[in-house]
Structure formats: C-alpha cells, structure tokens
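Each chain is listed here by its residues.
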Amino acid sequence: MPHLPLERLIQQQGFGSRKECRALIRHGHVAVDGDVCENPFAEFETEGLHFQIDGEDWCWREHAYLALNKPAGYECSRNPIHHPSVLSLLPPPLLNRGVQPVGRLDEDTTGLLLLTDDGQFIHALTSPRREMPKVYEVTLRHAIDETQIQRLLAGVVLRDDPQAVAAAACEAVDSHRLRLTITGGRYHQVKRMVAAIGNRVEALHRAAIGDFALPAGLAPGQWQWITPEEVGRLTKSGG
Ligand code: URA
C-alpha cells in the first residue's frame, strides 16, 4: 500500500499546490483521523485514509467518481457560454483534480450526470462500441401513440446521418410521457429522435446509465460519491 507525505497526499486530492498544502498543514488546518498534524512530511498510508481540512471530512481516493443530479440551466462544458457550468456545483478540490462530466447533457436536460477525473472510465463509458444504455424520462408536447413507439423501436433517420437510430427500449408511462433507452450519444439524440416521429420533447430527464439509477433523495444540484462496487459495475456494463 502506498505511503505518502501529508503535503503530497492532500495536494494529490486537490487542495492546492505543494506550497499551499504545506502552509495549510503548518497552520494547523489539517487533521488525520481527527488529530491535527502540523508536519507536512509525516507519512500516511493512503488507502482508506480519512483526513479533515478545517474540520471537513475527506477520504483519500485514487480517482474521484461522482453522481450529480443535474438541474436545468447548467452547461456541461468547462467553458460555458450562456449558463453556468455544472462544475460550479462541485467543491474546489474536485475541480483542481480535473473532474469532468462523463458525456454531456443539454443545458435544459436534468438528471443523472456522472463525473470523474479518470480518463479511462470516461472512455469506457462513452466509447460508441460500448453501447452503454442510457435511460431517459421524456415529456412530450403531443400525446404518444403505439405507432410512434414502434417507429422509435424500429429506428428513425436523423437529418445528419442516413443510418437509422433505434431506441433500445421504449414504453409509454402515460399519454405524454415515455421511458426511452438509447445506447448512442449523438448530439441532441433523444430530441431529434422524438422530432423524427412528429412529436416534440418538452422536458428530458436522465434516470439511469447502465444499471446505475439516479440515487433517490439526491436533490437537483446535489452530488454524491459513487462506491467502488458501482464504478466496477458501470465499467463492465454495456454491450
Ligand atoms: N438527448 C438529447 O436530446 N439531449 C440530452 O441532453 C441527452 C440526450
């Protein structure tokens, strides 16, 4: 198990430059398992380590994996144009670590957004070959009928690509709502598929990625850590 000097350890976790972390420690802002440690060179085993910065508890993590309940009115870009970035909903240490969204949701789409600083995880989940299922709750302008559902399941042609895209699953929740699963990640894919059947998306909410559902009780704008077991399941799921 790796042992690291405290200043290196908290630097790695996103609490500033080596110099800034050394100053935090020397000024008594850092505790390990509840005991203040003012020695930046004291070594600790990283695995499972709990440390506190100004009383706030953190657990050492090689990589950060989180689930956010994305509210409407936020862009997934690091350099947003019209709205704040989803990254503004996260604490600074996570941004310093380079956490970024796994794929994108439109500014007006709500629901499950995964974020991480693990490039391999992003690749594993977004690679088209993986065909990762993404489940959306779609609110429609016009009432849905069985023919439209069958068209989504059979495949519709979008304007920029002659190859038809089909829903992996689709069922009506009520007259104006669908539960729709897609495996692709094309630009505005759900909105354009729904437009192709002559309907229109009024609201779009992502409920799940693979078998990972948006955690119940996670309010819009809130995030939580994903457990290593959940990370493992997500990495293995898909086609
Ligand atoms: N499809 C869309 O049209 N928008 C999203 O945000 C996600 C999927």
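Residues numbered from 1 in each chain as written. Predicted model: local features only at pLDDT ≥ 70, side-chain atom pairs only at ≥ 80, totals over all residues. Heavy atoms only, no water.

### Focus on the pattern of salt bridges
Here the idea is simple: oppositely charged side chains can pair when their charged atoms come close. Selection rule: Between Lys or Arg on one side and Asp or Glu on the other, a salt bridge is scored when a side-chain nitrogen of the former is within 4 Å of a carboxyl oxygen of the latter. Only DSSP runs of H or I covering at least 4 residues are called helices, and only runs of E covering at least 2 are called strands; the numbering of each starts at the N terminus.
Summed over all chains, the structure comprises 9 salt bridges. Asp106 is the salt-bridge partner of Lys191, the closest N and O atoms lying 2.8 Å from each other. On the criterion of sequence distance, the pair formed by Lys191 in helix 6 (residues 189-196) and Asp106 in the loop between strand 8 (100-101) and strand 9 (110-116) is long-range, its members being 85 residues apart. Three or more residues are tied together by salt bridges with common partners; here these are Glu7, Arg18 and Arg22.

### Observations concerning the domain arrangement of the chain
Where we set the bar: An automatic or database domain assignment provides the domain bounds reported here. Once two parts are put together, the accessible area they lose, assessed with a 1.4 Å probe and summed over both, is termed the buried area. In protein, a polar contact means a hydrogen-donor-capable atom and an acceptor-capable atom, both N or O and within 3.5 Å, with residues adjacent in sequence counting only if both atoms are side-chain atoms; elsewhere, any N or O pair within 3.5 Å suffices. As a working rule, the residues Ala, Val, Leu, Ile, Met, Phe, Trp, Tyr, Cys and Pro are called nonpolar, Asp, Glu, Lys and Arg charged, and the rest polar, with Gly in that last group.
The domains assigned to the chain are domain 1 (3-59), domain 2 (65-128 + 211-236) and domain 3 (133-209). Buried area between domain 2 and domain 3, summed over both chains or domains, comes out near 980 Å², and the portion from carbon and sulfur atoms is 43%. Looking only at domain 2, the three residues that lose the most surface to domain 3 are Asp106, Thr110 and Leu112, adding up to 39% of its buried area. At the boundary of domain 2 with domain 3, the tally comes to 2 salt bridges. Residues Lys191 and Asp108 are paired through a salt bridge, measuring 2.8 Å at the closest nitrogen-oxygen approach. At the boundary of domain 2 with domain 3, the tally comes to 10 residue pairs in polar contact (both at pLDDT 80 or more). Broken down by secondary-structure element, the contributors of at least two residues to the side of domain 2 that touches domain 3 are strand 9 and strand 16 (212-213). At 5 residues, the largest contribution of residues to the side of domain 2 that touches domain 3 is made by strand 9. Here the side of domain 2 that touches domain 3 is composed, by residue class, of 10 nonpolar, 4 polar and 3 charged.

### Some remarks on the nonpolar core
Rules: To qualify as a nonpolar core, a set must consist of buried Ala, Val, Leu, Ile, Met, Phe, Trp, Tyr and Cys residues joined through side-chain atoms within 4.5 Å. Exposure is judged per residue with a 1.4 Å probe applied to protein chains only, and the accessible area is read against the type maximum: over 50% gives exposed, under 20% gives buried, and values in between give partly exposed. By definition in these notes, contact holds between two residues if any of their heavy atoms fall within 4.5 Å.
In terms of nonpolar packing, the biggest core is built from 32 residues, with Leu115, Val138, Leu152, Leu178, Leu180, Val190 and Met193 touching the most fellow members. Listing elements by their share of this core, those giving two or more residues are strand 7 (65-70), strand 9, strand 10 (134-140), helix 5 (146-154), strand 11 (156-158), strand 14 (177-182), helix 6 and strand 15 (201-209). Residues lining this core come from more than one domain, with at least three contributed by each of domain 2 (65-128 + 211-236) and domain 3 (133-209). Aside from chain neighbours lying at most four places away, what touches Leu180 is Lys134, Val135, Tyr136, Val138, Leu152, Ala167, Ala169, Cys170 and Val190.

### Considering the site of the ligand
Going by this rule: In this text, near means that some heavy atom of the residue lies within 4 Å of the molecule or strand in question. Here the Shrake-Rupley method, with its probe set to 1.4 Å, supplies the accessible areas, and only the displayed protein chains count as covering residues.
Surrounding the ligand, one finds Leu105, Asp106, Thr109, Tyr136, His188, Gln189, Val190, Lys191 and Leu204. In this structure, Thr109 approaches the ligand through a side-chain N or O atom, which is 2.8 Å from an oxygen atom. In isolation the ligand exposes 240 Å². Once the protein is present, 95% of that is buried. Of all the elements, helix 6 adds the most residues to the shell around the ligand, at 3 residues. Here the shell around the ligand is composed, by residue class, of 4 nonpolar, 3 polar and 2 charged. Residues from two domains meet in the shell around the ligand; each of domain 2 (65-128 + 211-236) and domain 3 (133-209) gives at least three.

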